[in-house]
Amino acid sequence: MTAYCHLTFPLPVNQTFLYRLPDELKNRVRPGTVVIAPLGSRKIKGYVLEVTDSVPGSGFQLKDVCEVLESGPALPPEFLNFIQKLALRNLSSPGLFLEQAEGPVRLAEIKPQVIITSKGKEELQSGELKGKNRELLDLVSQRALSPVFLKKKLKWRDLNAKLKSLEQAGLIEIKQKARKAKSLALPPGQAPRQLSLPVGFLAEDSPVSSIFQALQAMKFQRFLLAGEAQKRQEEIFKIISQAVDGEGYVFILLPEIEQTKRWLSYASRLGSTAVFYHSRLSGKKRSEAWESIISGKSRVVIGTRAILFLPVKPVRLIVVDEVQNELYDLAENPPFDVREGAQIRAKEEGAVLLLTSSCPPVSLYYHSAGSGELIDLGQTDRCYTRQFSRQDLSHWLQEELKVEAGPVLQAGRQIFFFINRKGYAGYLVCPGCGYVPRCPACQIPLIFDKKKGELVCRYCGQSMSRQETCPGCGRQLKAGRIKGSQFLVERIKKALPDLNLALLEEGEEKSKIEGYLKKIKSGKIQLVIGTEYALPRLSPGSFSLVVVIEPEIGLNLPDFKASEQTFIRLFKASELLANRPSSKLMVITSMPDQPSIKYGAQADYPSFYREELEYRQLLKYPPFSLLVSLTLSGHNLRRVAGASRQLGEELNERFPALEIIGPKVKPRLWKKVQKEVKLYLRLAESKEFFALSQFLEDFSHQHSQARLSYRILL
DNA sequence: AGCACGCCGACT
DNA sequence: GTCGGCGTGCTC
């Protein structure tokens with residue numbers, strides 16, 4: 001009987017393709033097997049999703065699978081289901097996700113090579129060839145080269161056409177040269193399952209006892225564990241001891257590799273049962289970790305999103321740590337939200353999903369409290385001193401800096417300056433009412449370019465001529481300088497010349513940062529200036545003075561979560577303070593009464609939550625409505641815009657109750673070539689959502705020219 | 001994504 | 001007339 005298989009490719013094409021399986025390959029192919037198959041005019045890597053012996057009647061001329069690249073054990077069905085659900089949810093191809101599940105096994109590749117023929121050599125020597133053809137033949141005359149290399153070297157857009165015509169003329173040959181790579185043999189069959197964990201005494205009234213019960217029930221259940229990092233880790237450790245009894249896996253997901261450092265001591269308590277896994281592990285270490293996990297020797301895996309794609313089973317517990325961190329929201333290749341991915345996987349595996357945070361997203365906290373999924377460990381009392389200053393920053397640096405910093409430095413303690421903006425930038429402001437010109441599209445304050453005399457939006461890149469007067473009160477607008485990190489460095493150096501200071505922000509060299517961090521730890525650097533980038537890199541509780549500079553600038557973003565983000569930043573900055581009365585949190589702000597700033601400085605989550613919830617209810621933001629953001633992207637702006645117009649129209653027609661905000665074009669987001677159109681939808685009822693997601697799926701199938709993705713905003 | 005095919009302007 | 005640039009749509 002002839003066998004067939006459905007393949008998915010690691011391409012942005014969300015459909016499967018049916019192939020015939022030659023008899024000699026039949027026995028080597030299972031769901032998850034990596035194969036080479038002809039697609040159009042090329043031969044590329046694909047993944048088997050399903051093997052069948054019957055074909056639905058179709059008009060296709062079926063092609064044969066060429067080659068089997070790797071056929072280890074079949075992927076667990078739970079894992080394949082997870083991949084397919086994740087792909088479906090993100091309107092993208094399962095192949096793109098399966099590519100991430102490959103692990104460190106280096107697969108054979110088919111590499112095309114361009115080879116000169118004897119006829120080609122003759123013509124080259126006779127000097128008959130000119131221009132581009134000659135240039136190309138010259139390059140290939142020495143040794144065979146790949147088209148990819150030629151494309152980089154020559155930068156011709158029409159390289160493929162050229163190659164084709166030269167091949168037809170018989171001057172070159174394009175050979176598909178298969179290069180077999182060493183395959184990493186996986187230990188087959190049963191692996192050692194011994195495990196000795198220091199299982200602690202589990203009190204009945206433990207705050208996490210409901211999680212123990214859920215683990216025992218072996219079915220999907222979600223929890224939110226709120227509380228300070230250290231307390232949380234202790235509870236998680238107890239839960240892990242419980243979860244890893246027989247043969248289950250535990251995944252601990254962190255938002256970024258940087259955060260793995262904070263888990264080192266916990267991991268060492270688990271011995272070889274625990275292992276770190278993330279993309280920065282290089283060759284050998286990665287293979288070792290992979291092998292240890294697949295064989296079952298290590299079953300507590302700590303690291304980043306890469307963990308979600310480990311094809312192991314059964315997974316008993318998935319912890320998403322610091323769930324509020326927006327780094328979990330991945331924008332590219334393929335875009336998906338790690339938190340959502342973790343939930344999909346946990347559901348497929350019948351695992352417990354444990355979201356943890358010291359300052360959870362307000363909507364998440366609300367929903368969790370309502371459904372009994374919340375475990376709040378409470379807050380530790382903060383006894384450091386807080387102080388707000390409404391003074392102008394320059395003025396403060398001139399007058400107050402020495403007064404505040406002097407005693408701290410003298411005591412041999414350290415200072416941290418937290419600033420939200422890099423470098424220098426100018427802006428315009430009305431001295432009367434505080435009006436600031438904003439971008440009409442993005443609603444954020446415009447940056448004033450003094451040299452050009454223009455106002456520029458740093459978000460969308462649009463520029464416009466400067467306004468002279470305030471539209472509100474008619475006063476002359478004044479040019480100010482946004483005091484970014486550079487400004488701060490200069491002023492502080494001027495005021496305190498004998499100080500060792502470090503600037504920690506994105507874009508600095510890795511080695512330089514590492515050097516700084518060492519010196520900060522040893523106390524050689526007394527003052528640190530940092531942006532958000534610095535927060536996860538500094539040790540909590542290590543500073544005696546933290547100065548937060550103008551946290552309110554984040555509130556200008558056109559985002560209903562701006563206030564929550566501002567609160568989180570302040571909260572995180574305050575965690576760097578040693579918690580004692582002699583420590584001080586100084587906030588330089590014009591809005592000390594803004595809830596996110598007031599409560600952020602006190603690290604008071606309950607109060608912030610209460611006020612923020614009230615505000616959200618008033619404006620019908622989540623959790624009191626369902627907000628969905630839609631993004632259409634592609635290289636061709638006309639196509640993207642066309643698709644968005646059609647999307648808007650169809651949404652209007654199909655969902656009359658839906659509130660559509662936008663569309664908004666982002667002309668040139670940083671250096672991206674991709675053009676993007678965004679719109680937001682507000683649903684009053686969450687039950688409408690199912691129909692909406694169904695509709696979006698259909699729409700994306702019909703419009704392959706513009707890629708569609710959507711996020712549910714919590 | 002990457003490739004072919006097909007339609008237009010500018011060159012020997 | 002053809003070459004080669006770009007827009008469009010398909011790949012089992």
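Residues numbered from 1 in each chain as written. Chains lettered and ligands numbered in written order. Predicted model: local features only at pLDDT ≥ 70, side-chain atom pairs only at ≥ 80, totals over all residues. Heavy atoms only, no water.

A word on the pattern of salt bridges
- Scanning the entire structure with this criterion turns up 29 salt bridges.
- One salt bridge connects Asp64 with Arg20, and the closest N-O pair in it is separated by 2.9 Å. On the criterion of sequence distance, the pair formed by Asp64 in the loop between strand S4 (42–52) and strand S5 (67–70) and Arg20 in strand S2 (residues 17–21) is long-range, its members being 44 residues apart.
- Classification of Arg20 by relative accessible area gives partly exposed; the value is 32%.
- Within the structure, one salt-bridge network assembled from shared partners comprises Glu326, Asp337, Arg339, Lys561, Glu564, Glu612 and Arg616. (Salt bridge = Lys/Arg side-chain N within 4 Å of Asp/Glu carboxyl O. Helix = DSSP H or I, 4+ residues; strand = E, 2+ residues; numbered from the N terminus. Buried < 20%, exposed > 50% of the residue type's maximum accessible area, 1.4 Å probe, protein only.)

Focus: the nonpolar core
- Counting 86 residues, the largest nonpolar core has Tyr277, Phe416 and Leu538 as its most contacted members.
- If one sorts the elements of this core by residue count, helix H2 (residues 77–89) sits on top with six residues.
- Judged by nonpolar contacts, the second largest core, of 28 residues, contains Val208, Ile211, Ala267 and Val352. (Core = buried A, V, L, I, M, F, W, Y, C linked by side-chain atoms within 4.5 Å.)

A word on helix H11 (residues 283–294)
- In this model, H11 (12 residues) spans 16 Å end to end at C-alpha, consistent with the 16 Å of a helix rising 1.5 Å per residue.
- Among the residues making up H11, those that are buried are Ser287, Ala289, Trp290, Ser292 and Ile293.
- On its buried side, H11 packs onto strand S9 (249–253), strand S10 (274–277) and strand S11 (300–303).
- Positioned one or two residues after H11, Gly296 has a phi angle of 95 degrees, which is positive. (Expected span 1.5 Å × (residues − 1). Contact = heavy atoms within 4.5 Å.)

Things to note about the domain arrangement of chain A
- Its domain assignment divides chain A into domain 1 (3–107), domain 2 (110–180), domain 3 (203–376), domain 4 (385–423 + 482–615) and domain 5 (626–713).
- A separation of 32 Å is found between the C-alpha centroids of domain 3 and domain 5. (Domains from an automatic or database assignment.)

Some details on the side chain of Glu552
- For Glu552, the location among the structural elements is in the loop between strand S26 (545–549) and helix H18 (562–575).
- This buried residue, Glu552, is left without a salt bridge; Arg390 holds the nearest opposite charge, at 9.0 Å.
- Each residue touching Glu552, except ones within four places of it in the same chain, is listed here: Ile588, Thr589, Ser590, Met591 and Ile597. (Lys, Arg positive; Asp, Glu negative; His and termini not counted.)

Examining the confidence of the model for chain A
- Mean pLDDT over chain A: 84, with 85% of residues reaching 70 or higher.
- Ranking the helices and strands of chain A by mean pLDDT puts helix H12 (residues 338–349) first, with 98, and strand S7 (residues 172–179) last, with 60.
- Counting interchain partners and residues more than four positions distant, the pLDDT-below-50 stretch residues 178–201 has 34 contacts. (pLDDT = per-residue confidence, 0-100.)

What about the sheet that holds S10?
- The sheet built from seven strands is open, its strands ordered S10-S11-S9-S12-S15-S8-S16 with parallel pairing. Edge positions in the sheet fall to S10 and strand S16 (374–376), since each of these pairs with one other strand and no more. In this sheet, adjacent strand axes meet at a mean angle of 20 degrees when their direction is disregarded.
- As paired elements, strand S12 (residues 315–320) and strand S15 (residues 352–357) share four bridges and run parallel to each other. Along S15, the bridge assignment pairs Ile318 with Leu353. (Pairing = 2+ DSSP bridges. Axes fitted to C-alpha atoms, helices over the stretch in contact; angles between N-to-C directions.)

Examining unusual backbone geometry
- With an omega of -5 degrees, the peptide bond running from Lys313 to Pro314 counts as cis.
- One can find Pro314 in the loop between S11 and S12.
- Geometrically, the link from Pro622 to Pro623 is a cis peptide bond, its omega value of 10 degrees lying close to zero.
- Relative to the elements of secondary structure, Pro623 occurs in the loop between helix H20 (605–618) and strand S28 (626–634).
- Positive phi, normally seen in glycine, also occurs at Asn333, with a value near 25 degrees.
- Secondary-structure assignment places Asn333 in the loop between strand S13 (329–330) and strand S14 (336–337).

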